[in-house]
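# Structural overview
The primary structure of each chain is shown beneath.
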Amino acid sequence: MNIIQDFITSTNTNRPGTSLTVGYVTIHETANTNVGANAEMHARYVKGDDAQNRQVSWHYTVDDSETYQHLPTDEVGWHAGSTGNHQSIGIEICVNQDGNFIAARANAIKLVQLLMQQHDISLSHVVTHQHWTGKNCPANLLADWEGFIADVGSSTNESIGTVRVLATALWVYNRADWDARYETVSRDEVFTVVRELTVNGSRMYQLRSGLYITANPEFVQFQS
Ligand SMILES: [Zn+2]
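In this text the structure is predicted, and so the values were computed from the model without any measurement.

So, on to the coordination of the zinc ion. Metal coordination angles in their ideal form are 109.5 degrees for the four-donor tetrahedron and 90 or 180 degrees for the six-donor octahedron. Coordination of the zinc ion by the protein involves His 28 (ND1), His 129 (ND1) and Cys 137 (SG), with metal-donor separations of 2.1 to 2.3 Å. As a motif over one chain, the donors of the zinc ion read H-x100-H-x7-C. Here His 129 lies in helix H5 (residues 129–133) and His 28 lies in strand S2 (residues 24–29), a separation of 101 residues in the sequence.

Set out below in structure tokens:
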């Protein structure tokens, strides 16, 4: 993958230069849904005065097409509280409304897989910001963190079957959340299923595309 290195100036206060011994990867979402709030914008932001004043920094930002690196991985960033900062590489995933979150998630998975190889990090040490401080971050991925970790763990998502749409039109969701309606699909469309899960008491299938669909047999026909 192509990583654009655009480091924070070493004299900036949010690049403390403290040595980092990497044991974990910490996943964040930017929570900035503004149009244009992509990786390039965050690369500019983290080098600027506001990020210094807020005392924030992290290692990578990923959007649907690009990955920026803001800090070397042997230096501490300020993204996950003291304990998290001193043990982990921080990745921010963009949630800009003009971006494709499914593609950004897929790019983040590739980056995490690369970092796990480079730093000999186990899957159990890929954690959320919430893990360190309790903050509701990464907000979208927390709805199905298990699914994210499963995807990181399997480079080629193994299919458990296919699902055919029985309804005239049916919603698919961009995260494991019944409120996260993404687009509609039509009768007789067929999708590859990688996982089944329960969300608020109702079954969903996770599709290979990263989208989710109801598992209600009234609306879809599953075939293993
Ligand atoms: Zn966070």
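Next comes the rest of the account.
Another point: empty space enclosed by the protein. One pass over the full model with this rule turns up 1 cavity of 30 Å³ or more. Its volume calculated, the largest cavity comes out at about 60 Å³. Along the wall of the largest cavity there are 13 residues; nearest its centre are Arg 105, Leu 141, Asp 144, Arg 175 and Tyr 212. Mapped onto the lining of the largest cavity, the elements with two or more residues apiece are helix H4 (101–119) and helix H6 (139–142). Of the residues forming the lining of the largest cavity, the biggest block, 3 residues, is contributed by H4. Its residues placed into classes, the lining of the largest cavity shows 7 nonpolar, 3 polar and 3 charged. Composition of the lining of the largest cavity by domain shows at least three residues from each of domain 1 (3–153) and domain 2 (161–223).

Quick look at helix H7 (residues 145–153) now. Among the residues making up H7, those that are buried are Trp 145, Gly 147, Phe 148, Ile 149, Asp 151 and Val 152. Buried-residue contacts for H7 involve S2, H4, strand S6 (126–128), H6, strand S10 (190–199) and strand S11 (202–207).

Now for the domain arrangement of the chain. With domains assigned, the chain is organised as domain 1 (3–153) and domain 2 (161–223). Of the residues lining the interface, 11 residues belong to domain 1; the matching set on domain 2 comes to 11 residues. Both faces considered, domain 1 and domain 2 share a buried interface measuring about 780 Å² in area, 48% of it formed by carbon and sulfur atoms. Of all residues in domain 1, the largest losses of buried area upon contact with domain 2 belong to Ile 102, Asn 140 and Asp 144, amounting jointly to 55% of the total for that side. Linking domain 1 with domain 2 are 2 salt bridges. One salt bridge connects Arg 195 with Glu 146, and the closest N-O pair in it is separated by 3.7 Å. The interface formed by domain 1 and domain 2 holds 4 residue pairs in polar contact (both at pLDDT 80 or more) in total. Secondary structure elements with two or more residues in the side of domain 1 that touches domain 2: H4 and H7. The element best represented in the side of domain 1 that touches domain 2 is H7, accounting for 4 residues. For the side of domain 1 that touches domain 2, the residue count by class is 4 nonpolar, 3 polar and 4 charged.

Parameters at a glance
- Residues numbered from 1 in each chain as written.
- Predicted model: local features only at pLDDT ≥ 70, side-chain atom pairs only at ≥ 80, totals over all residues.
- Heavy atoms only, no water.
- Donors = N, O, S within 2.8 Å, 3.2 Å for Na, K, Ca; no water.
- Helix = DSSP H or I, 4+ residues; strand = E, 2+ residues; numbered from the N terminus.
- 1 Å grid on protein atoms, 1.4 Å probe; cavity = no way out; pocket = protein on both sides within 12 Å on 5 of 7 lines; lining within 4 Å.
- Points joined across faces, edges and corners; volume = space filled by probe spheres on them.
- Nonpolar A, V, L, I, M, F, W, Y, C, P; charged D, E, K, R; others polar.
- Domains from an automatic or database assignment.
- Buried < 20%, exposed > 50% of the residue type's maximum accessible area, 1.4 Å probe, protein only.
- Contact = heavy atoms within 4.5 Å.
- Buried area = accessible area lost by both parts, 1.4 Å probe.
- Salt bridge = Lys/Arg side-chain N within 4 Å of Asp/Glu carboxyl O.
- Polar contact = N/O pair within 3.5 Å; in protein donor to acceptor, adjacent residues only side chain to side chain.

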